[in-house]
Amino acid sequence: MDKINNAANYVADSVKSATNAGSKEANKEVAKDNNASLGTRASAAKDAVGDKVDEKKYDTSANVNKEAAKH
């Protein structure tokens, strides 16, 4: 049963990581947009950093669950 839970958690964490990666890229584009206000650009840059942190967190969790599902 633990292997099934680990496999499900691996999939969920992988999806969350991919979602954060997409959000990070979108925020990076807004942060680079010269037509956006300075406040919007700064907020997008901050959000991109947060998305990167979350992406790494979910990548790490996914790898842990993947290894646990193998054993």
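Bear in mind the structure is a predicted one, so any value in this text is a computation, not a measurement.

Turning next to the overall build of the protein chain. Counting secondary structure elements, the protein chain contains two helices and zero strands. At 16 Å, the protein chain has a C-alpha radius of gyration far larger than the 11 Å of a compact globule built from 71 residues. Along the first, second and third principal axes, the C-alpha atoms of the protein chain reach 50 × 15 × 10 Å. Looking at the protein chain as a whole, 21% of its 71 residues are labelled buried. A separation of at least 24 residues holds for 69% of the contacts in the protein chain among residues at least 6 apart in sequence. Averaging the locations of the 12 positively and 11 negatively charged side chains of the protein chain gives two centres separated by 3 Å.

Moving on, we get to the packing of aromatic side chains. Summed over the entire model, instances satisfying the criterion amount to zero aromatic pairs. For the cation-ring pair, lysine 57 lies above tyrosine 58, with the distance from its terminal atom to the ring centre recorded as 4.8 Å.

Moving on: the pattern of salt bridges. Pairing between side chains of opposite charge can happen when the charged atoms of each approach one another. Evaluation of the coordinates by the stated rule reveals seven salt bridges. Two residues, glutamate 29 and lysine 32, come together in a salt bridge whose shortest N-O distance is 3.5 Å. Taken together, the residues glutamate 29 and lysine 32, both in helix H1 (residues 2-32) and three residues apart, mark about one turn of the helix. Judged by relative accessible area, glutamate 29 falls into the partly exposed class, the value being 48%. Judged by relative accessible area, lysine 32 falls into the exposed class, the value being 51%. Salt-bridge contacts for aspartate 47 lead to lysine 46; the nearest nitrogen and oxygen are separated by 3.3 Å. Look at aspartate 47 and you get partly exposed, because its relative accessible area is 31%. For lysine 46, a relative accessible area of 56% corresponds to the exposed category. Bridged by salt links that share partners, the residues Lys24, Glu25, Lys28 and Glu55 form one connected network.

Parameters at a glance
Residues numbered from 1 in each chain as written. Predicted model: local features only at pLDDT ≥ 70, side-chain atom pairs only at ≥ 80, totals over all residues. Heavy atoms only, no water. Helix = DSSP H or I, 4+ residues; strand = E, 2+ residues; numbered from the N terminus. Rg over C-alpha atoms; globule rule 2.2 N^0.38 Å. Buried < 20%, exposed > 50% of the residue type's maximum accessible area, 1.4 Å probe, protein only. Contact = heavy atoms within 4.5 Å. Lys, Arg positive; Asp, Glu negative; His and termini not counted. Charge placed at Lys NZ, Arg CZ, Asp CG, Glu CD. Phe/Tyr/Trp six-rings, centres within 6.5 Å; stacked < 30°, edge-to-face > 60°. Lys NZ or Arg CZ within 6 Å of the ring centre and 35° of its normal. Salt bridge = Lys/Arg side-chain N within 4 Å of Asp/Glu carboxyl O.

Shape is all these values report; function is a separate question.
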